[in-house]
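Listed here are the chains, written in short residue letters.
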Amino acid sequence: MPANIVTVAVLIAALAPGFCFVQTYRRHVLSDKPSPTREVIEFFGAGALATVVASLLILALGNVVPWLVSLHDLVGDTRDLRASAWHVVASAGLVLLLSVTLCIVAGEVLGRWAPSRVGPINAGVMSVGVLATPSPGGREPYLAVELDDGRLVEGYLRQAAIEDDPARRDLVLQRPLFFSGTGYFERTPSPAVKLYIPGSMIRVIHISYPPVVREPEDPDPTPDREVVDSAGGARDGQMVPPQP
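Conventions and cut-offs
- Residues numbered from 1 in each chain as written.
- Predicted model: local features only at pLDDT ≥ 70, side-chain atom pairs only at ≥ 80, totals over all residues.
- Heavy atoms only, no water.
- Helix = DSSP H or I, 4+ residues; strand = E, 2+ residues; numbered from the N terminus.
- Buried < 20%, exposed > 50% of the residue type's maximum accessible area, 1.4 Å probe, protein only.
- Contact = heavy atoms within 4.5 Å.
- Areas by Shrake-Rupley, 256 points an atom, 1.4 Å probe, with all protein chains shown as cover.
- Core = buried A, V, L, I, M, F, W, Y, C linked by side-chain atoms within 4.5 Å.
- Phe/Tyr/Trp six-rings, centres within 6.5 Å; stacked < 30°, edge-to-face > 60°.
- Axes fitted to C-alpha atoms, helices over the stretch in contact; angles between N-to-C directions.
- Parallel < 35°, antiparallel > 145°, perpendicular 65-115°, else oblique.
- Left-handed = near helix turned anticlockwise from the far one by under 90°.
- Expected span 1.5 Å × (residues − 1).

Of regular secondary structure, the protein possesses 6 helices and 10 strands. Scored against the burial criterion, the 244 residues of the protein give a buried share of 32%. Contacts in the protein between residues far apart in sequence, at least 24 positions, make up 64% of those at least 6 positions apart. As displayed, the protein offers around 15400 Å² of accessible surface, 66% of which is attributable to carbon and sulfur atoms.

Written as structure tokens, this is what we have:
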């Protein structure tokens, strides 16, 4: 049993920091879904580097903090380490905490400063990148989705499926939502909060970055009136693009 506990602890220490780095980095950079082998290598690589840096920092602090293990203690007599087992546990815990923190910070910084990806890219990832990327001025993309029967549906992007098959690239739009029938029908607002559109019904998607104005407040607001933007945050009030 102790051997199993040690093995699990080692795996957590090795994978947790790398997992935090990869997940934080992927929040900012779209990429293809990696294979399980590649994903484990990424976890181990980033985690090992952060753990080495964190270990060196903790060992250096051990020279001035009495309850931490120092480099001298580590390379000295092992009986001293067994006598101060709690110092070893505290040092190991700080190493794990510091390595996770380093990975989160590194993933955030590298993700925000990552250059635009060029070259081969999964078609589903490319479509989501086009639909979800805001304008240089920070305006969110407003989508006008032309369906295969000629109708037009408008709204802000909430979710998009990343698939190679265009028929499976489903979209979820969020309010404010508008419908336009075929021909010269009037543009009509929808009271719905979200709208699911199967990818098989989508013919063309028009993307614009209009200025927005606040929709009049509901006299009897309810919790489901809250609007969630494409990054998952709540908007204050309802946003409506200007009428064309």
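A few words now on the nonpolar core. If you look at the biggest cluster of nonpolar residues, it comprises 11 residues: L131, L143, V145, L147, V153, L157, L171, L173, L177, L195 and I197. Among the elements of the structure, strand 1 (142-147), strand 2 (152-160), strand 3 (171-180) and strand 5 (194-197) are those that each provide at least two residues to this core. Apart from residues no more than four positions distant in its own chain, L171 is found in contact with L131, V145, L157, Q159, A160, L195, Y196, I197, I202 and I205. In this structure, F21, F43, A46 and C103 belong to the second largest nonpolar core, which totals 6 residues.

Moving on to the packing of aromatic side chains. Under the counting rule described, the total for this entry stands at 3 aromatic pairs. Summarising the aromatic geometry, the rings of F19 and F43 are spaced 5.5 Å apart at their centres and angled 75 degrees between planes, so their arrangement reads as edge-to-face. Of this pair, F19 sits in helix 1 (residues 2-26) while F43 sits in helix 2 (residues 36-61), placing them 24 residues apart in sequence. A residue is classified by how much of its surface remains accessible, and F19, at 42% relative accessible area, is partly exposed. On the numbers, 6.0 Å between centres and 15 degrees between planes, the contact of F21 with Y25 is stacked. Of the two residues, F21 and Y25 both sit in helix 1, 4 residues apart, roughly one turn of that helix.

Now for the packing of helix 2 against helix 5 (residues 85-112). When two helices pack together, you describe them by how their axes are tilted relative to each other and by the distance separating the axes. Closest axis-to-axis distance for the helix 2/helix 5 pair is 8 Å, and the angle between their directions is 125 degrees. Here helix 2 lies oblique to helix 5, going by the angle between them. Seen along the crossing, helix 2 lies across helix 5 with a hand that is right-handed. In contact with A46, A50, T51, V53, A54, S55, L57 and I58 of helix 2, helix 5 contributes S91, L94, V95, L98, S99, L102 and C103.

Let's shift gears to helix 5. Taking 1.5 Å of rise per residue, the 28 residues of helix 5 would be expected to cover 40 Å, and the 41 Å separating its terminal C-alpha atoms lies within 8% of that figure. What helix 5 keeps buried is the set S91, V95, S99, V100, C103, G107, E108 and G111.

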